[in-house]
Every structure is written in C-alpha cells, then in structure tokens.
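So the chains spell out like this:
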Amino acid sequence: METKKNFAWAVIDKIKNFEFWGIAIGSLALIATIIQGWHAREHNKLSVRPYLTMAAKIEGPGGKNGIFIENAGLGTAIIKKAIIRFNQIDYDFNKIVWPEILGKKGIDKMCFERTWLPVDAAITTTKEEAIIKLTRADSKGCYLEISKLVLNNQISVKIEYESLYKESFVVEKEVSLQGLGIEIDYGKLLLAPKYKNKLLQ
C-alpha cells in the first residue's frame, strides 16, 4: 500500500514538473516574442523617421529663388508647431503671416508665392516645399525683392514635428543669408544697375 502511495506521489511530482517546465517554456517564448516585436517596432521607427531641413536659395532665372523646406528623412513629417522669427519678432507660422511680414519691410508681396505650415500638415520624404518663392520670374524688380528679403533680414524657422510613430522632433534653423558675406551676381539675376544701391537700403 505504501509502495502504491509513493508511486502515486512520484507521478504527481512528474506531472507538476511537466507543468512547471511547460509554463516556463511558454513564458520564455512569450518574452522572446515581445522582445522580437519591440526590435521590429524600433526598426520600423527608424525606417520612417523624418528629417526636416531648410535653406534660402537665390539661383537666378531658371533656378530656385526663395526659402525652401525639405524632408531628407525616410518617412513623412507631421507638423505640430511652427514659428518664424523675423528680425527678432516671433510669428505663428501655423497661420498666414507673410503679408504682415513683407508689408512691414516694404517688400512687394505680389512677387511671391507664399505658404504656411498648418498643424498636422504632412511633408513627405524627399519632397522640397517652398515656404516663399518668386512667382514673377520675368520681373527684374522681383529678383531685387527676394534679395532684399533674404540678405537684409534675419530670418529663422523653428518647427516641431512628429513621425508616423508619434516620435517628436524639433528643427530650428537660420534661413536668411544675412551676415554671410554673400554677393549677388547682378548680371545673372538680370537686375538693372539702378537697383544695386537700393538693395542695401
């Protein structure tokens, strides 16, 4: 009788051991799956991470003339907040502010195509957008206006944006050419000599 009892307890112990190891193996498999999923998510984050950059360009006829923003990253950038600082004054760049800015400096706004960066606007990868650019490329006076804008004023833009995975990023960059010693080739820009002195006013 005692032998049967001991045998029964031995069987029960083995069953318990099997259950323990089964639970342990199952738990380890679950942990491994979670870790693998985490690594896959991190890889996916990197594969869609945006990277915004900005620059002013004055290339003359046939080229780009204005201030441009580009997403040089691998994924779409979602705009959350944008500030443009113009001569130490901050403007909410989620709204239309160029008419006010250009008006204060006496710059002809009719020369430009202007935009802003509304909340939740998407800038796709490898895409370059103009924040402001010339539209009347045939007008000699308009080349003067873009030159006045980016050479005679201090302009910077700060953008808070997110990736598709809700990662947050901030970029802040000077986008004017003031103080960089840039010289304009007036012949290339088709500016009449009478405009040269006006540029520095």
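The rules behind the values
Residues numbered from 1 in each chain as written. Predicted model: local features only at pLDDT ≥ 70, side-chain atom pairs only at ≥ 80, totals over all residues. Heavy atoms only, no water. Phe/Tyr/Trp six-rings, centres within 6.5 Å; stacked < 30°, edge-to-face > 60°. Buried < 20%, exposed > 50% of the residue type's maximum accessible area, 1.4 Å probe, protein only. Lys NZ or Arg CZ within 6 Å of the ring centre and 35° of its normal. Core = buried A, V, L, I, M, F, W, Y, C linked by side-chain atoms within 4.5 Å. Helix = DSSP H or I, 4+ residues; strand = E, 2+ residues; numbered from the N terminus. Contact = heavy atoms within 4.5 Å. Expected span 1.5 Å × (residues − 1).

## A look at the packing of aromatic side chains
Move 1: What the rule picks out here adds up to two aromatic pairs.
Move 2: Plain terms: the ring middles of Phe-93 and Trp-98 are 6.1 Å apart, the flat faces sit at 90° to each other, and that makes the pair edge-to-face.
Move 3: Given the relative accessible area of 1%, Trp-98 is considered buried.
Move 4: The ring of Phe-68 carries the charged tip of Lys-57 above its face, separated from the ring centre by 5.6 Å.

## Quick word on the nonpolar core
Move 1: Core analysis: the biggest nonpolar cluster contains 38 residues, and Leu-52, Ile-84, Trp-98, Leu-149 and Ile-159 have the highest contact counts within it.
Move 2: In terms of residues, this core owes the most to one element, helix H3 (residues 140–151), which gives six residues.
Move 3: Once residues lying within four places of it in the same chain are set aside, the contact partners of Leu-52 are Ile-69, Glu-70, Asn-71, Ala-77, Ile-79, Ile-123, Ile-159, Tyr-161 and Val-171.

## Quick look at H3
Move 1: Helix length check: H3, at twelve residues, gives a terminal C-alpha distance of 17 Å against a target of 16 Å (1.5 Å per residue), a fit within 8%.
Move 2: Most of H3 sits out of view: eleven of its twelve residues are buried.
Move 3: Those residues of H3 lying buried are Gly-141, Cys-142, Tyr-143, Leu-144, Glu-145, Ile-146, Ser-147, Lys-148, Leu-149, Val-150 and Leu-151.

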